[in-house]
Amino acid sequence: MSVCESLTIAVDITARHIMCKINSKDDASSKNNNRKMSSKSLNIDTLMELSPYVDGTDIATEAARSLLVEFLKSRKSVQDLFHTKTRSLKQEVKIDAYLFDFDYLARLYVCQTITQVSDPCKFYTMVDKKKVEEKIHELCDGLRWKKMGFALYTLVFPDVVKDYKTSISLRTFMEDNGELWASRIFSEVKSEQWLNRMLRRIIKGNYTESDYNRDMNVILLKLHLLDPKTVMPMYELLMRLKALPGLNLELATRNYLGGPLDCSLILPDIEAAIHKESLPVNVSRLSLNELDLYLGVEIIEFVTNEVKELGLWTGKTPQNKRVSKFKDRCAIM
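Everything numeric here is computed off the predicted structure, so don't read it as measured data. (Residues numbered from 1 in each chain as written. Predicted model: local features only at pLDDT ≥ 70, side-chain atom pairs only at ≥ 80, totals over all residues. Heavy atoms only, no water.)

What follows covers the environment of Ala 252. Tracing the chain through its elements places Ala 252 in the loop between helix H10 (231–240) and helix H11 (267–275). Residue classification places Ala 252 among the exposed residues on the basis of a relative accessible area of 68%. Residues Ala 252 and Lys 147 lie 105 residues apart in sequence; the distance between their C-alpha atoms is 8.1 Å. (Helix = DSSP H or I, 4+ residues; strand = E, 2+ residues; numbered from the N terminus. Buried < 20%, exposed > 50% of the residue type's maximum accessible area, 1.4 Å probe, protein only.)

Looking at the element boundaries, Asp 227 is found in the loop between helix H9 (209–226) and H10. Classification of Asp 227 by relative accessible area gives buried; the value is 7%.

Quick look at empty space enclosed by the protein now. Applying the stated criterion to the full structure yields one cavity of 30 Å³ or more. Empty space within the largest cavity amounts to approximately 40 Å³. In this structure, the largest cavity is lined by Leu 105, Tyr 109, Gln 112, Ile 136, Cys 140, Trp 145, Pro 260 and Leu 261. Elements that contribute at least two residues to the lining of the largest cavity include exactly helix H4 (102–114) and helix H5 (129–140). Its residues placed into classes, the lining of the largest cavity shows seven nonpolar, one polar and no charged. (1 Å grid on protein atoms, 1.4 Å probe; cavity = no way out; pocket = protein on both sides within 12 Å on 5 of 7 lines; lining within 4 Å. Points joined across faces, edges and corners; volume = space filled by probe spheres on them. Nonpolar A, V, L, I, M, F, W, Y, C, P; charged D, E, K, R; others polar.)

On to the confidence of the model for the protein, then. Looking at the protein, pLDDT values average 83 and 77% of them are 70 or higher. Within the model, pLDDT remains below 50 along residues 1–29, and this stretch shows 54 contacts once partners closer than five positions in the same chain are excluded. Low pLDDT, under 50, characterises residues 87–91; the predicted model gives this stretch 13 contacts beyond four residues in sequence or across chains. (pLDDT = per-residue confidence, 0-100. Contact = heavy atoms within 4.5 Å.)

Structure follows, in structure tokens:
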């Protein structure tokens, strides 16, 4: 693979819909460091212990949701409403529209947030809150939401799931020799020592069937990323271990993103857009006369254009006119 200004890497997921762009210098440096670590630090114990669950929270899900929010804020239909600098992303994600209608989701997400802003101008009355909620829940309950969630989850998983003492992540194992490490996981699970260890945890009563299902599905997901062809053989092996609880394969059924996105993540941006003052064309703030200021012009344009197309505009307009006197615009230097 040739070195260029940016290195494009295809991430193999369902229907190969995600591409991630990684800066070539950072990527090359990371790979070199990983290779240096591989001969000394990588071992099956570290690989088996890697888990996205930290204090009961799935950090890969949180990272995937955060990445999705940043991606939605960049959509053409809503990007004019976001003026704050977005966080720097190592990965610039490009997602095929066939995987999901992200512009549609972005508009619904902004609509939902507008309805949660309590402002004196009553911008929230412009959007039909009930219809927005119905459409969002319909979207998040659908199969395409699950597919897109799995795609984003497997994109961030290799980098955020790591051993925090050594900073070794799943990505390190993938770049070292994914197939080899997948085979070592297989050998570990087939061993009598591993089976006895699991049985002891269950017998002691501090390891439930739910815990077992969670951890085995993490193993299956790691195999999916290391060497996908080993997933079903591992699942079949686990199902043959009658001494252990039954296993539900979640790779194709779990909702990795969870429910609707958190509106509080973009609420400051929407509030700023609502309170943003605009002057009529060809009028200067230096004028000695009283001026008519209009709040939230970009929000109004968004609702009367983008939201109207979705049938979510109530037809109402906010009371957004404000009179600005010259003395209020003056400041003693």
